[in-house]
Amino acid sequence: MSELRVVVIDDDHWKRTAIAQELEADKRIGVEAVIDQDEALNWHEDRWGGVDLAIVDIFDEQAPGEIGTDVFSGIAALDRIRDLPIKTFAITP
């Protein structure tokens with residue numbers, strides 16, 4: 001059985017950790033990393049090589065420069081990985 005390699009991207013440490021724990025409970029899923037949107041933006045392209053799916057929470061109400069404006073800063077993370085051979089799954093509350 002092949003393993004789906006996943007990166008969880010969320011601004012909230014507790015939420016991304018909980019999502020990762022639930023995913024790891026399924027033996028078919030391997031969580032490669034649990035990071036926030038800023039870290040996702042700074043990952044070098046080579047780092048994404050072992051990833052099949054990125055689960056991205058696009059909502060970030062605490063994003064610097066976005067408080068009181070557009071709170072969907074996770075879209076930048078989606079834009080970062082758009083041209084890579086990775087499937088994305090965007091979530092928001």
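Overview of the structure.

What counts and what doesn't
Residues numbered from 1 in each chain as written. Predicted model: local features only at pLDDT ≥ 70, side-chain atom pairs only at ≥ 80, totals over all residues. Heavy atoms only, no water. Buried < 20%, exposed > 50% of the residue type's maximum accessible area, 1.4 Å probe, protein only. Helix = DSSP H or I, 4+ residues; strand = E, 2+ residues; numbered from the N terminus. Pairing = 2+ DSSP bridges. Right-handed = clockwise from strand over helix to strand, strands pointing away. Contact = heavy atoms within 4.5 Å. Axes fitted to C-alpha atoms, helices over the stretch in contact; angles between N-to-C directions.

### Structural notes on the pairing of strand S2 (residues 29-35)
Phase 1 of the analysis: Burial runs high along S2: five of the seven residues are buried.
Phase 2 of the analysis: Two strands pair when backbone bridges link them, and strand S1 (residues 4-9) and S2 are joined in this way by six bridges, in the parallel orientation. Bridged to Val6 within S2 is Val31.
Phase 3 of the analysis: Viewed along the sheet, the connection from S1 through helix H1 (residues 13-24) into S2 turns out right-handed.

### Structural notes on the environment of Lys87
Phase 1 of the analysis: Looking at where Lys87 falls in the secondary structure, it is placed in strand S4 (residues 87-91).
Phase 2 of the analysis: C-alpha of Lys87 to C-alpha of Ile55: the two residues are 32 residues apart in sequence and 8.7 Å apart in space.
Phase 3 of the analysis: In this structure Lys87 touches Asp52, Leu53 and Ala54, once residues within four positions along its chain are discounted.

### Some words on the sheet that holds S2
The strands that make up a sheet pair up through hydrogen bonds in the backbone, lying either parallel or antiparallel.
Phase 1 of the analysis: One open sheet accounts for four strands, arranged S2-S1-S3-S4; its pairing is parallel. On the outer flanks of this sheet lie S2 and S4, each paired with one strand and no other. Across this sheet, the average inter-strand angle for adjacent strands is 20°, counted without regard to direction.
Phase 2 of the analysis: As defined by bridge partners, S1 adjoins strand S3 (residues 53-57) across four bridges and the pair is classed as parallel. In the strand pairing of S3, Val8 is matched with Ile55.
Phase 3 of the analysis: Those strands touched by H1 are S1, S2, S3 and S4, and its axis lies near 170° from that of S2.
Phase 4 of the analysis: Lying over the sheet, helix H3 (residues 74-81) contacts S1, S3 and S4, oriented at roughly 160° with respect to S3.

### Focus on the environment of Val7
Phase 1 of the analysis: Along the chain, the position of Val7 falls in strand S1.
Phase 2 of the analysis: Accessibility expressed as a relative area gives 0% for Val7, which makes it buried.
Phase 3 of the analysis: The contacts of Val7, once residues within four sequence positions are left out, are Glu32, Ala33, Ile35, Trp43, Trp48, Val51, Leu53, Ala54 and Ile55.

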